[in-house]
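A closer look at the structure
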Amino acid sequence: MTADKDLDARRREAASWFATLNQKRVTAADVTAFSQWRRDPKNAEAYARIETMWETAGSLKGDADIAVLTKGARARADASRKTQSRLLQSARTDRRHRRDRGRGDRRHDMVRPSAVL
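Residues numbered from 1 in each chain as written. Predicted model: local features only at pLDDT ≥ 70, side-chain atom pairs only at ≥ 80, totals over all residues. Heavy atoms only, no water.

Okay, the overall build of the protein next. When helices and strands are counted, the protein shows five helices and zero strands. Reading the protein from its N end, one meets helices and strands in the order α-α-α-α-α. Counting across all 117 residues of the protein, residues that qualify as buried make up 10%. Across the protein, the fraction of contacts at a sequence separation of at least 24, relative to all contacts at a separation of at least 6, is 54%. (Helix = DSSP H or I, 4+ residues; strand = E, 2+ residues; numbered from the N terminus. Buried < 20%, exposed > 50% of the residue type's maximum accessible area, 1.4 Å probe, protein only. Contact = heavy atoms within 4.5 Å.)

Before going further, it helps to spend a moment on a nonpolar patch on the surface. Residues Leu-60, Ile-66 and Leu-69 make up a contiguous nonpolar surface patch of about 250 Å² in total accessible area. Here Ile-66 is to be found in helix 4 (residues 64-103). (Patch = residues over 30% accessible without salt bridge, like charges linked within 9 Å, V, L, I, M, F, W, Y side chains within 5 Å. Areas by Shrake-Rupley, 256 points an atom, 1.4 Å probe, with all protein chains shown as cover. Salt bridge = Lys/Arg side-chain N within 4 Å of Asp/Glu carboxyl O.)

Moving on, we get to the packing of aromatic side chains. Tallied over the entire structure, the rule returns six aromatic pairs. Each ring, one from Phe-18 and one from Tyr-47, has its centre 6.1 Å from the other, and the planes form 50 degrees; the classification is tilted. With Phe-18 in helix 1 (residues 3-21) and Tyr-47 in helix 3 (residues 41-59), this pair connects stretches of sequence that are 29 residues apart. For the pair Phe-18 and Tyr-47, a shared accessibility class is recorded, and that class is buried. Put simply, the rings of Trp-17, Phe-18, Phe-34, Trp-37, Tyr-47 and Trp-54 touch in pairs and so form one group of aromatic residues. (Phe/Tyr/Trp six-rings, centres within 6.5 Å; stacked < 30°, edge-to-face > 60°.)

All right, on to the nonpolar core then. In summary, soluble globular proteins display a tendency toward joint burial of nonpolar side chains. The biggest cluster of nonpolar side chains holds eight residues, and these are Ala-14, Trp-17, Phe-18, Phe-34, Trp-37, Ala-46, Tyr-47 and Ile-50. At the level of elements, helix 1, helix 2 (28-38) and helix 3 are the ones that each hand at least two residues to this core. (Core = buried A, V, L, I, M, F, W, Y, C linked by side-chain atoms within 4.5 Å.)

Considering the arrangement of structural elements, one finds Asn-43 in helix 3. For Asn-43, a relative accessible area of 6% puts it in the buried group. For Asn-43, the side chain forms a polar contact with the side chain of Arg-10, separated by 2.5 Å. (Polar contact = N/O pair within 3.5 Å; in protein donor to acceptor, adjacent residues only side chain to side chain.)

This part is about a positive patch on the surface. Positive charge collects at one region of the surface, where Arg-92, Arg-95, Arg-96, Arg-98 and Arg-101 lie side by side. With respect to the helices and strands, Arg-95 occurs in helix 4. On the accessibility criterion, Arg-95 (49% relative accessible area) is partly exposed. (Lys, Arg positive; Asp, Glu negative; His and termini not counted. Charge placed at Lys NZ, Arg CZ, Asp CG, Glu CD.)

Looking at the element boundaries, Arg-10 is found in helix 1. Classification of Arg-10 by relative accessible area gives buried; the value is 13%. Reaching out from Arg-10, the side chain makes a polar contact with the side chain of Asp-40 at a distance of 3.4 Å. Residues contacting Arg-10, with those up to four places away along its chain left out, are Trp-37, Asp-40, Lys-42, Asn-43 and Ala-46.

Next comes the structure, spelled out in structure tokens:
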């Protein structure tokens with residue numbers, strides 16, 4: 001593994017551990033596995049960076065510029081969710097119409113030869 005890939009892997013693992021350890025329920029097995037993982041100084045360093053990033057992000061909570069950006073991001077996310085919901089509802093409706101059309105009396109869908117003349 002190259003140095004960059006190793007660093008990326010350690011950062012991903014550190015982020016995963018951070019998420020795991022910040023859940024409401026953490027098992028003793030999780031804590032034991034984390035302690036073993038963190039014994040490697042490179043892993044400990046990667047985890048410390050994640051903690052620092054989290055703390056720094058928390059300190060930006062009251063920043064006016066961050067609040068504006070966050071509000072905009074939330075609005076875009078809400079709009080995206082609404083669009084996805086409408087598209088999903090439309091797809092369900094289309095599927096239901098196709099299904100219902102297939103259940104009807106097929107004789108009405110057929111053209112009578114006498115009607116063509």
